Amino acid sequence: MKLTTLLACSYLAALGFFATVYALSGFDLLLFLCAGKEVLFRALLSLGGVGAAWLVFWLIAFRPTKSLS
């Protein structure tokens, strides 16, 4: 479970980096890395949604910030 959470976090960080490059320059780095293939591009974006859903589940189920209060 820890590995899955780390993978989801790192993937979402990578998507955030790609979004930053797009916002600052107008160049879509993720689409470039997908060689212009729309199906692959959309599949990678949908994996970002799955990763975000996993992190929400992990935060609700395991409450990692419970000891901070």
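In what follows, the structure referred to is the one given above.
Read on for an overview of the structure. The structure displayed is predicted, hence computed values, not measured ones. (Residues numbered from 1 in each chain as written. Predicted model: local features only at pLDDT ≥ 70, side-chain atom pairs only at ≥ 80, totals over all residues. Heavy atoms only, no water.)

1. Structural notes on the packing of helix α1 (residues 2-25) against helix α3 (residues 38-62)
Next up, step 1: Taken N-terminus to C-terminus, the directions of α1 and α3 make an angle of 130°; their axes are 9 Å apart at the nearest point. Considered as vectors, α1 and α3 are oriented oblique to each other. Taken as a pair, α1 and α3 cross one another with a handedness that is left-handed. Across the interface between the two elements, T4, T5, A8, C9, Y11, L12 and L15 of α1 pack against L44, L45, L47, G48, G51, A52, W54, L55 and W58 of α3.
Next up, step 2: The residue inventory of the contact of α1 with α3, partitioned by class, reads twelve nonpolar, four polar and no charged. (Axes fitted to C-alpha atoms, helices over the stretch in contact; angles between N-to-C directions. Helix = DSSP H or I, 4+ residues; strand = E, 2+ residues; numbered from the N terminus. Parallel < 35°, antiparallel > 145°, perpendicular 65-115°, else oblique. Left-handed = near helix turned anticlockwise from the far one by under 90°. Contact = heavy atoms within 4.5 Å. Nonpolar A, V, L, I, M, F, W, Y, C, P; charged D, E, K, R; others polar.)

2. Side note on the nonpolar core
Next up, step 1: In terms of nonpolar packing, the biggest core is built from six residues, these being L15, F18, L29, L30, C34 and F41.
Next up, step 2: Breaking this core down by element, the ones donating at least two residues are α1 and α2 (29-33).
Next up, step 3: If we ignore the near neighbours within four places in the chain, the residues touching F18 are L29, L30 and L33. (Core = buried A, V, L, I, M, F, W, Y, C linked by side-chain atoms within 4.5 Å. Buried < 20%, exposed > 50% of the residue type's maximum accessible area, 1.4 Å probe, protein only.)

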